[in-house]
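Architecture at a glance
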Amino acid sequence: MSRLPIVLLVAALVVGYWPMLDCGFYSDDFAILQYNRGLGWGGFFDFLLFADYGDRPWAYWRPGWALAFWLIQEVAGPSPFAFHLTSLVLHVVCSLVVYWLAMTTTRSRFAALTAGMLFGLTDAHVGAVAWPCAALNVIPAAIPILLATRLAWRFALDGGAWRLGAMTLLMVASLTFKEAAYGIPLVLGATLLTARDRRDGWSRRDLQIVLTIAAQAGIVLFHYLSRNNVQGVAGGALATTVTAAVHAAGYLASHVPVSGIWMPLILAALVALVVFITGSRATRFYVLCTIAGMFPYVAMTHGERFLYFFNAPLALCLAQIVN
C-alpha cells in the first residue's frame, strides 16, 4: 500500500509521455549530433578542461550535458528513440525526487503524490522533456538543485556542516549541465528568513550559512565570467520585469480563467504574499525557493523549458498547502 502512490505517479508519467518516443530530433539536436561525431574521450576532456567544442559559437561550458549526449550517441547511434527514452527516465526520476521531498516535509502520501503529479504532468514541461537537447541539460541540472534545496533546509533546522559542503558540491555538479544553479545562494539565503528564529539572535549556524552563501556566490561569479563566450544580462530592469511578468502570468493563466499579463501577475503576487504570511515555515521557504528557481532565467534568457526550475519548488510549496 505504501508504494501505491509511487506506482501511480510513475504510471501516469509513462502514459503521459509515451507518445514522445515516436518523435524525431528538433532544432539544436542536429548540431549537437554533428559535433559529437568522432568526439571521443580526448575531445570530451578538451571540452571539460578547456571549453573547446569546435567552432560552435554559443557553446557554454556544460560537460555533463555534452557527455550525456555523446554517450547515448555512442551506445545507440543517432536514434531519437534512445534520446527520448533517456529523457523520459530522467523526468520520472526528477518527479520521484519531488515526491520524496514532499513526503519528507509533509509526512503525507496524498500531499506528496499531489506534488509529484502537479510537477510531472504539467504541460509546461513538454519542451523540457520532449526536446532531447533541452532535456539532457535541464533535467540533470534540476535534480541536484532539488537535493541541494533539501540540504539547505535541513542544515538550517538541524545543523551539520557536511550538509553545506554537500549542497555546494551538488550546485557545482548542476552547473556542468546548466546555469540554473545560479539561484542556489538565494535558496540558502531563504533559510535565514524562514527556518531560523530571529528572536534568539544570530548563531554560529547563521554565520556558517552566510559564509557558504558568499562562497557559492563566488562560484557563480567565476562560472559566469569564465564560461565560453560569455553573454551579458538580456536587457535592463524593464526587460527583466517584463520577462518575469510573462513567465508568472503564463503559468497562472494556464490554471486560472483570467486573461492578459498583469492580472495573472497581480493574482500570483497576492497569492504568494498570503501564503507567505499565513503558511508554515516550510511553506514560506518554498515560496522563496520558487522565486529563486526562476531568477537565473529571468535575468539571463527566457523559454518555456526553464519553467522546470520554477515548477519544482512550486509543487513542493503546494504540497505544504494541501497538507
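It should be emphasised that the depicted structure is a prediction, and the values quoted were computed from it without experimental measurement. (Residues numbered from 1 in each chain as written. Predicted model: local features only at pLDDT ≥ 70, side-chain atom pairs only at ≥ 80, totals over all residues. Heavy atoms only, no water.)

**Quick word on the overall build of the protein chain**
Threshold: Secondary structure follows DSSP: runs of H or I at least 4 residues long count as helices, runs of E at least 2 residues long count as strands, and numbering of each begins at the N terminus. When a residue's accessible area, from a 1.4 Å probe over protein chains only, is under 20% of the maximum for its type it is buried; when over 50% it is exposed; and in between it is partly exposed. In what follows, residue pairs with any heavy atoms lying within 4.5 Å of each other are defined as contacts. Residue exposure ignores everything except the shown protein chains as possible cover, and the areas themselves are Shrake-Rupley values with a 1.4 Å probe.
If you tally the helices and strands in the protein chain, you get 15 helices and zero strands. Split into buried and exposed, the 323 residues of the protein chain put 49% on the buried side. A fraction of 73% describes how many contacts in the protein chain between residues 6 or more apart in sequence connect residues 24 or more apart. If you sum the accessible surface of the protein chain, you get close to 15,000 Å²; carbon and sulfur atoms cover 69% of it.

**Brief notes about the environment of Leu88**
Mapped onto the secondary structure, Leu88 falls in helix H5 (residues 80-106). In this structure Leu88 comes out as buried when scored by relative accessible area, which is 4%. Separated by 47 residues in sequence, Leu88 and Ala135 place their C-alpha atoms 8.8 Å apart. In contact with Leu88, not counting residues within four places along its chain, are Leu13, Tyr17, Trp18 and Met20.

**Digging into the nonpolar core**
In plain terms, the rule: Side-chain atoms within 4.5 Å are what join buried Ala, Val, Leu, Ile, Met, Phe, Trp, Tyr and Cys residues into a set we call a nonpolar core.
Counting 85 residues, the largest nonpolar core has Trp65, Phe69, Cys94, Val98, Leu146, Tyr308 and Phe309 as its most contacted members. For this core, the leading source of residues is helix H8 (residues 132-158), giving 17 residues. Not counting residues up to four positions away in its chain, the partners in contact with Phe69 are Asp29, Ile32, Leu33, Asn36, Phe83, Pro132, Cys133 and Leu136.

Structural measurements only, silent on function.
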